[in-house]
Amino acid sequence: MIARKENTVITVECYPGVDIERLTEDFLPLFPVKVIQSDSCLHERESINQLIVNDLTDDRVFGKITNRTIEECFDQMKIQNVRKQIENIQGIVIVIGTGASFITKGDVLIYADISRWEIQLRYRAGMSNWLCHNPKAPILEKYKCGFFIEWRMADKLKKQLLPCTDYMMDCNIKEKPILVAGKQFREGMKRFSNEPFRTVPYFDPGVWGGQWMKNHFSLPADRSNFAWSFDGVPEENGIRMCFGDITAEFPAQNLVLLHPKDLMGSRVYARFGTEFPIRFDLLDTVEGGNLSLQVHPLTEYIQEHFNMKYTQDESYYILDAQKDSHVYLGVKENADQEQFADDLKQAEKGEKEFPAEKYVNCIPVKKHDHILIPAGTIHCSGKNTMVLEISATPYIFTFKLWDWGRVGLDGLPRPVHIDHGLRNIQWDRDTKWIENNLIHREKTLMKDERNQIEKTGLHELEFIETRRYTINYSLQCVTDDSVHVLNLVEGEEIEVASPTNQFSPLRVHYAETFFIPASAEEYILRPAGKSLGKTVMVVDAFIK
């Protein structure tokens, strides 16, 4: 509980997306003499617009990763006036909102937090961005402002505040914020940074979505489809923490900000800072449709145009497949570049269907194939394919070239970025190059009567490496100063244990993603539950 006393200032710093009006009501039982919302100290809207306009851009999808800070959004004269007001007030004062801690740290500092997935759901329900009054704007516009501007600003401030907050508040459920002591929160985060853990997954429909996840994960049957599952993305997913009988959920990104070296390893942290570099997600097109034909930017391009440090190298691990499963990958031999571009532009205008198979290789795939996709390679997953996508984390930077004439679930034409895409397609990655570099590149590293270890990727152009473990009894692994992200791709259940009892065992089920922090150093994988006595398979990704 927060102790009540005279002349007490309670500062509630809020991540953009927290419902300030609703949260303010929860502090009224403290009988504050005055409640000050931080937004009252912002610059005028026109000044804010000028501050962010160059990073926000007029593109529907892409902005530039901002270097601005939350502090720049505030008028120092307004802040000084509010501080003088506070000095003359006897009793409890609540200062609340995004940037509240710039007005005053107060006598008690609370950080009100929320996961990015919940923010996105609130956008869809009509919530505006923090810096833009845009309740009716398309979700892509709101997401762009969050991803490129607001969340970047907020994470810079959060990084400073997490080590010193008196309390943390889980605001993912508006009607039920959960307050926990900052010390306990940090102790919990420290524990996560040293032992295996899972994040809270979420599932979302899409125009090409399928039925596989609905059937395998017992998802709501009344939903038309599920296209994505984000199950291994610290920027997007939350982690649940238990404090006695209380369970709270906080963004997994907090762990990256608080303990980057323990989590990711010293050499990975030296390279990526507090940007978590590996992403696992699921793409379901079973009984659905093709993904959009797309390409990801080259490193130089993403740095120059979007202020992002590294690009979206990726791969498709085929978790499940049907007889007609396939992926589109690389250009065909001697493809006519000018005609390719003309056909794309005509298709964008609705004048014709783009003849994808005229220009792009259509590769049949089967279960447990691993397709490597370095940035600059044109690609997409075809229908009736269940993909575990293993990639670097700048996941928004997809240049769609052709979307098979579809509109989005919002009824708007799905945006394509042909000009960006054409500047990044690597035309020398043709049929022969694809066959020699990106498909069927598995290599056995160790095999005995109990286990097998294979290298399945990624390509030498990509900074992630993957191993596939086929385990009949148990397998001991080392982290080698890198975080490891893994998924159980065959078998019902495994246990992740410490050979030195450094951490408690973690149970993981089929198709679930889990993390091994670098500081764990050693871990054991073994079949468990219904998989006891059976063979299981695990895919493991880490930084080379």
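As shown above, the structure is provided for reference.
The numbering scheme is per chain: residues are counted from 1 as the chain's sequence reads. Only residues with pLDDT of at least 70 are given local features in this predicted model, and only at 80 or more are side-chain atom pairs given and counted; all residues enter the totals for whole chains, interfaces and linings. Water and hydrogen atoms were dropped before computing side-chain values, which therefore reflect all heavy atoms in the structure.

Description of the side chain of Asp343
Helix and strand definitions follow DSSP, with helices as H or I runs of at least four residues and strands as E runs of at least two, each counted in order from the N terminus. Structurally, the position occupied by Asp343 is in helix α13 (residues 337-348). Any two residues whose heavy atoms approach within 4.5 Å are treated as being in contact. Excluding anything up to four places from it in sequence, Asp343 contacts Lys352, Phe354, Pro355, Lys358 and Tyr359.

Some thoughts on the sheet that holds strand β26 (residues 506-509)
Note on pairing: DSSP must find at least two bridges between two strands before they are called paired. Reading across the sheet, the 4 strands line up as β23-β28-β25-β26 and stay open at both edges, with antiparallel pairing between neighbours. Taken across any chain shown, the strands that pair with only one partner, and hence form the sheet edges, are β23 (475-478) and β26. The average angle at which neighbouring strand axes cross in this sheet is 25 degrees, direction not considered. Taken together, the 4 bridges between β23 and strand β28 (residues 522-527) define a ladder with antiparallel strand orientation. Note on β28: the bridge partner recorded for Leu475 is Leu525. Angles run from 0 to 180 degrees between N-to-C directions of axes, and those axes are lines fitted to C-alpha atoms, restricted for helices to the stretch in contact.

Remarks on the sheet that holds strand β20 (residues 443-447)
A sheet is described by the order of its strands in space; here 6 strands give the open sequence β20-β21-β22-β29-β24-β27, paired in antiparallel fashion. On the outer flanks of this sheet lie β20 and β27 (513-516), each paired with one strand and no other. The average angle at which neighbouring strand axes cross in this sheet is 25 degrees, direction not considered. Pairing geometry for strand β24 (residues 484-490) and β27, over 4 bridges, is antiparallel. Each residue of the ladder has a partner; that of His484, found in β27, is Ile516.

Regarding the packing of helix α2 (residues 45-56) against helix α6 (residues 139-161)
Between α2 and α6, the shortest axis-to-axis distance is 10 Å and the interhelical angle comes to 120 degrees. Comparing the axis directions of α2 and α6 gives the class oblique. Helix-helix and strand crossings are classified by hand; for α2 and α6 the assignment is right-handed. Side by side, α2 and α6 meet where Ile52, Asp55 and Leu56 of the first sit next to Lys144, Cys145, Ile149 and Met153 of the second. Residues are sorted three ways: Asp, Glu, Lys and Arg are charged, Ala, Val, Leu, Ile, Met, Phe, Trp, Tyr, Cys and Pro are nonpolar, and all the rest, Gly among them, are polar. Of the residues in the contact of α2 with α6, the class split is 5 nonpolar, no polar and 2 charged. Note on terminology: angles under 35 degrees are roughly parallel, angles over 145 are roughly antiparallel, angles of 65 to 115 are roughly perpendicular, and the others are oblique. What makes a crossing left-handed is the near helix being turned counterclockwise from the far one by less than a right angle; a clockwise turn instead makes it right-handed.

A few points about the packing of helix α5 (residues 116-124) against α6
Between α5 and α6, the shortest axis-to-axis distance is 11 Å and the interhelical angle comes to 140 degrees. Crossing geometry of α5 relative to α6 is assigned as right-handed. Across the interface between the two elements, Arg116, Ile119, Gln120, Tyr123 and Arg124 of α5 pack against Ile139, Lys142, Tyr143, Gly146, Glu150, Trp151 and Asp155 of α6. For the contact of α5 with α6, a count of residues per class yields 5 nonpolar, 2 polar and 5 charged.

Considering the pairing of strand β14 (residues 326-331)
Summary of the burial criterion: residues with accessible area below 20% of their type's maximum are buried, those above 50% are exposed, and those between are partly exposed, where the area comes from a 1.4 Å probe applied to protein chains only. Burial analysis of β14 places 6 of its 6 residues in the buried class, the great majority of the element. Relative to strand β15 (residues 360-364), β14 runs antiparallel, the two being bridged by 4 bridges. Residue pairing across strands places His326 opposite Pro364, the latter belonging to β15. In terms of strand pairing, β14 meets strand β17 (residues 379-381) through 3 bridges, oriented antiparallel. Bridge pairing links Val327 to Ser381 in β17.

Side note on the layout of surface pockets
Detection works on a 1 Å grid of protein atoms alone, calling trapped sets that fit a 1.4 Å probe cavities and calling open sets with protein on both sides within 12 Å along at least five of seven lines pockets, with lining residues defined by an atom within 4 Å of a point. Grid points are joined across faces, edges and corners, and a volume is the space filled by probe spheres set on the points. Here the largest pocket defines a volume of roughly 1100 Å³. Lining of the largest pocket is provided by 40 residues; of these, Leu140, Asp204, Trp228, Lys400 and Arg414 occupy positions nearest its centre. Contributing elements (two or more residues each) for the lining of the largest pocket: α5, α6, β7 (202-204), β8 (228-232) and β11 (278-284).

Looking at empty space enclosed by the protein
One way to see where empty space is left: roll a probe the size of a water molecule over the atoms. In total, this model carries 2 cavities of 30 Å³ or more according to the counting rule given. Of the volumes computed, that of the largest cavity is approximately 60 Å³. Lining the largest cavity are Val18, Asp19, Arg22, Leu23, Asp26, Arg122, Cys171, Lys174 and Pro177. Its volume calculated, the second largest cavity comes out at about 30 Å³.

Overview of the side chain of Glu495
Tracing the backbone through its elements, the reader meets Glu495 in strand β25 (residues 493-497). Throughout this description, a polar contact denotes any pair of N or O atoms lying within 3.5 Å of each other; where both atoms belong to protein, one of them has to be capable of donating a hydrogen while the other can accept it, and for residues adjacent in sequence the pair is counted only when both atoms sit in side chains. Side-chain polar atoms of Glu495 contact the side chain of Arg507, separated by 3.3 Å. Among the polar contacts listed, one links the side chain of Glu495 to the side chain of Arg526, at a separation of 2.7 Å. If we skip the residues at most four places from it in the chain, Glu495 touches Pro505, Leu506, Arg507, Ile524, Leu525, Arg526 and Ala528.

A few points about the packing of aromatic side chains
Note on aromatic contacts: the rings of Phe and Tyr and the six-membered ring of Trp form a pair at centre separations within 6.5 Å, being stacked when their planes are under 30 degrees apart, edge-to-face when over 60 apart, and tilted otherwise. Using the criterion set out here, one finds 35 aromatic pairs in the structure. Here the aromatic rings of Phe197 and Phe515 are separated by 5.0 Å at their centres, their planes lie at 5 degrees, and the arrangement is stacked. Here Phe515 lies in strand β27 and Phe197 lies in the loop between α7 (182-192) and β7, a separation of 318 residues in the sequence. Residue Phe515 is classed as buried on the basis of its relative accessible area of 0%. Ring geometry for Phe354 versus Tyr359: centroids 5.6 Å apart, planes at 15 degrees, classification stacked. Across this residue pair, the class does not change: Phe354 and Tyr359 are buried. The rings of Phe62, Tyr143, Phe147, Phe148, Trp151, Tyr301, Phe306, Phe397 and Phe399 are connected pair by pair, giving a single aromatic cluster. Over the face of the ring belonging to Phe147 we find Arg152, whose NZ or CZ atom lies 4.6 Å from the ring centre. Placement of a positive charge over a ring is assigned whenever Lys NZ or Arg CZ falls within 6 Å of the ring centre and within 35 degrees of the normal to the ring plane.

Notes on the state of the cysteines
Here, a disulfide means two cysteine sulfur atoms that sit within 2.5 Å of each other. This model, assessed by the stated rule, comprises 0 disulfides. With no disulfide of its own, Cys14 lies closest to Cys171 among cysteine sulfurs, the gap being 6.6 Å. In this structure Cys380 is not part of a disulfide, and its nearest cysteine sulfur, from Cys362, lies 8.7 Å away.

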